[in-house]
Amino acid sequence: MNALSADQIDVPGWRLTRGALKGTFATDGFSAGARFLQDVAKAADEANHHPDALVTYPSVEFTLVTHDADDTVTDKDVALARRINDIAGALSIKHAD
Ligand SMILES: C[C@H](O)[C@H](O)[C@H]1CNC2=NC(N)=NC(=O)C2=N1
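Residues numbered from 1 in each chain as written. Predicted model: local features only at pLDDT ≥ 70, side-chain atom pairs only at ≥ 80, totals over all residues. Heavy atoms only, no water.

J.: Would you take a moment to explain the pattern of salt bridges for this structure?
T.: Any two side chains of opposite charge can pair, on the condition that their charged atoms come close. Following the criterion strictly, the structure yields three salt bridges and no others. For the salt bridge of Glu61 with Lys22, the shortest nitrogen-to-oxygen distance reads 3.4 Å. In this pair, Glu61 is assigned in strand E4 (residues 59-64) and Lys22 in strand E2 (residues 20-26), connecting sequence segments 39 residues apart. Between Glu46 and Lys42 there is a salt bridge, and its shortest N-O distance comes to 2.8 Å. Of this pair, Glu46 and Lys42 are both found in helix H1 (residues 30-47), four residues apart, which corresponds to roughly one turn of the helix. One exposure class covers both Glu46 and Lys42, and it is exposed. (Salt bridge = Lys/Arg side-chain N within 4 Å of Asp/Glu carboxyl O. Helix = DSSP H or I, 4+ residues; strand = E, 2+ residues; numbered from the N terminus. Buried < 20%, exposed > 50% of the residue type's maximum accessible area, 1.4 Å probe, protein only.)

J.: What exactly am I supposed to notice about the side chain of Ser59 here?
T.: The residue Ser59 is located in strand E4 in this model. Residue Ser59 is classed as buried on the basis of its relative accessible area, which comes to 17%. The contact partners of Ser59, leaving out residues within four places of it in the chain, are Thr24, Phe25, Ala26, Thr27 and Leu54. (Contact = heavy atoms within 4.5 Å.)

J.: What exactly am I supposed to notice about the site of the ligand here?
T.: Neighbouring the ligand are the residues Asn48, His49, His50, Val65, Thr66, His67 and Asp68. One of the backbone N or O atoms of His50 is found 2.9 Å from a nitrogen atom in the ligand. A distance of 2.8 Å is found between an oxygen atom of the ligand and a backbone nitrogen or oxygen belonging to Asp68. Contact with the protein chains covers 65% of the free accessible surface of the ligand, which is 390 Å². Under a 2 Å grid-point criterion requiring more than half of the atoms, the pocket assigned to the ligand is the largest pocket. Split into classes, the residues belonging to the shell around the ligand amount to one nonpolar, five polar and one charged. (Near = heavy atom within 4 Å. Polar contact = N/O pair within 3.5 Å; in protein donor to acceptor, adjacent residues only side chain to side chain. Areas by Shrake-Rupley, 256 points an atom, 1.4 Å probe, with all protein chains shown as cover. 1 Å grid on protein atoms, 1.4 Å probe; cavity = no way out; pocket = protein on both sides within 12 Å on 5 of 7 lines; lining within 4 Å. Sits in = over half its atoms within 2 Å of the grid points. Nonpolar A, V, L, I, M, F, W, Y, C, P; charged D, E, K, R; others polar.)

J.: When you look at helix H2 (residues 75-90) in this model, what are you seeing that I'm missing?
T.: A turn of α-helix holds 3.6 residues, and therefore any two residues three or four places apart point the same way. Here H2 is 16 residues long and its end C-alpha atoms lie 23 Å apart, about the 22 Å a rise of 1.5 Å per residue gives. All buried positions along H2 are accounted for by Asp77, Val78, Leu80, Ala81, Ile84, Asn85, Ile87 and Ala88. Contact partners of the buried residues in H2: strand E1 (14-17), E2, H1, E4 and strand E5 (94-95). Of the residues one or two after H2, Ser92 is the one with positive phi, at around 55°. (Expected span 1.5 Å × (residues − 1).)

Following this line, the structure appears as structure tokens:
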């Protein structure tokens, strides 16, 4: 797995922040965030690739790096970020910023 450069990373609503791929979603409620995380956790287990997640009252923030590639951003992170966007869309959850 090779580390991607900033111009190789193009996932709507996600940004390269301090070397990690970060996406924040407006869930408008803590239990809505927990529900969103439940679906993301299932997808992460299926992919055997897992984000860090911060669940707050109004939002959920995911941070993705590939630990097996020295905590750099790889295609695995981009693929999971796209999958998380699809899960958010299915739950009518939008990006926060
Ligand atoms: C042993 C297991 O396959 C590995 O630890 C998987 C699990 N989930 C993972 N998640 C992330 N983000 N990066 C990894 O390198 C990774 N590796």
